[in-house]
Amino acid sequence: MEKIKAVIFDMDGVLIDSEPSNLRQLYDFYKEYGFVADAAFLISLVGSSLEYTWRVSIEKMNKDWSQDEFYDHFDAYAKEHMVSYRDILNPGIKETLVWLRAHGYHTAIGSSSTLMNIKRMLKECELEGLFDLVFSGEMFHESKPNPEIYLTIAKQLQVEPKHCMVIEDSTFGIEAGKRAGMRTIALQDTKFSIDQSQADEMISKIVDIQKLLA
């Protein structure tokens, strides 16, 4: 097994248990515009790119909106119904990040979320300064499962992909990590029956990363 030098984290579902809150927020937003989404459709959005979510949402809502117009409407709604990131921080995150830094590992975030939301999460959860790099999917032409975000992080860190570990929860994210040639670990999903079968290994809690690397 290759020696790991960098650990790259997804945000939604990994650093924070945000998927239930995000889906509830989307459900309520849709409902305000007359579309009642079923559970299957909502779960299909878990781990998808923002561009994909916006596009299929516009179709389902039967709105004559551009993606920018959808974003403007949803952003205004989200700001009125803001989720507290501190309340949904996954247990063991800060402890694990401090341990990784103390043991010489590079750390980074590679998330499909917006850079604004990533920065707000870092501030609210007091995680600023614990990552070498932060990359948002909006900075790239294609989102996960395209491996570009992970390959770019590896290049910026000057670490070969085979020496990187990715922590993911979604099918798209796991595929992106595998396509990047990185050791891909799934944080076990217990809510949405997400297909995590492509992952190299599975953990039930974040602090288990320490055991994998010890």
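Everything here concerns the structure above.
Now for a look at the structure at hand. Every value quoted in this text rests on a predicted model; they were computed, and no experiment measured them.

Side note on the packing of helix α3 (residues 50–61) against helix α4 (residues 67–80)
The axes of two packed helices give the description: the angle between them and the distance between them.
Stage number 1. It is at 10 Å that the axes of α3 and α4 come closest, and there the two elements cross at 90°. With respect to α4, the element α3 is oriented roughly perpendicular. Between α3 and α4, the contacting residues are E51, W54, R55, S57, I58 and M61 on the first element and Q67, F70 and Y71 on the second.
Stage number 2. Partitioned by chemical class, the residues of the contact of α3 with α4 number five nonpolar, two polar and two charged.

Observations regarding the pairing of strand β4 (residues 164–168)
Stage number 1. When you tally the buried positions in β4, you get five out of five residues, the bulk of the element.
Stage number 2. Of the two faces of β4, the one holding C164, V166 and E168 and the one holding M165 and I167 are both buried throughout.
Stage number 3. With four bridges joining them, strand β1 (residues 6–9) and β4 adopt parallel strand pairing. In the strand pairing of β4, F9 is matched with I167.
Stage number 4. Of the strand pairs in this sheet, β4 and strand β5 (residues 183–187) are connected by four bridges, and their pairing is parallel. Residue pairing across strands places E168 opposite A186, the latter belonging to β5.

Re the packing of aromatic side chains
Stage number 1. In the structure shown here, the tally under the stated rule is 15 aromatic pairs.
Stage number 2. With a centroid separation of 6.1 Å and 40° between ring planes, the pair formed by Y30 and F41 is classed as tilted. Here F41 lies in helix α2 (residues 39–44) and Y30 lies in helix α1 (residues 19–32), a separation of 11 residues in the sequence.
Stage number 3. Note on Y30: relative accessible area 0%, which makes it buried.
Stage number 4. Each member of the aromatic cluster is reached from another via a ring pair, and the members are F29, Y30, Y33, F35, F41, W65, F70, F74 and Y77.
Stage number 5. Note that K60 overlies the ring of F41, its terminal NZ or CZ placed 5.2 Å from the centroid.

With respect to helix α7 (residues 148–157)
Stage number 1. Every buried residue of α7 is listed here: I149, Y150, I153, A154 and L157. Around the axis of α7, the buried residues are gathered within 135° of arc, so they sit on the same side. Facing away from the buried surface of α7 by more than 90 degrees, the exposed residues are K155 and Q156.
Stage number 2. Those residues of α7 that are buried lie in contact with β1, β2 (106–111), β3 (133–136), β4 and α8 (171–179).
Stage number 3. Downstream of α7 by a residue or two, Q158 has a phi angle that is positive, lying close to 60°.

Let's talk about the layout of surface pockets
Stage number 1. Taken as a whole, the largest pocket encloses approximately 750 Å³ of empty space.
Stage number 2. Together, 35 residues line the largest pocket, and N22, L50, F74, S113 and N117 are the ones closest to its centre.
Stage number 3. Elements supplying a minimum of two residues to the lining of the largest pocket: α1, α3, α4 and α6 (115–124).
Stage number 4. Of the residues forming the lining of the largest pocket, the biggest block, six residues, is contributed by α4.
Stage number 5. Residues of the lining of the largest pocket, tallied by class, amount to 14 nonpolar, 12 polar and nine charged.

Each value, and the rule that gives it
- Residues numbered from 1 in each chain as written.
- Predicted model: local features only at pLDDT ≥ 70, side-chain atom pairs only at ≥ 80, totals over all residues.
- Heavy atoms only, no water.
- Axes fitted to C-alpha atoms, helices over the stretch in contact; angles between N-to-C directions.
- Helix = DSSP H or I, 4+ residues; strand = E, 2+ residues; numbered from the N terminus.
- Parallel < 35°, antiparallel > 145°, perpendicular 65-115°, else oblique.
- Contact = heavy atoms within 4.5 Å.
- Nonpolar A, V, L, I, M, F, W, Y, C, P; charged D, E, K, R; others polar.
- Buried < 20%, exposed > 50% of the residue type's maximum accessible area, 1.4 Å probe, protein only.
- Pairing = 2+ DSSP bridges.
- Phe/Tyr/Trp six-rings, centres within 6.5 Å; stacked < 30°, edge-to-face > 60°.
- Lys NZ or Arg CZ within 6 Å of the ring centre and 35° of its normal.
- Arc of directions from axis to C-beta.
- 1 Å grid on protein atoms, 1.4 Å probe; cavity = no way out; pocket = protein on both sides within 12 Å on 5 of 7 lines; lining within 4 Å.
- Points joined across faces, edges and corners; volume = space filled by probe spheres on them.

The values are spatial; any link to function lies outside them.
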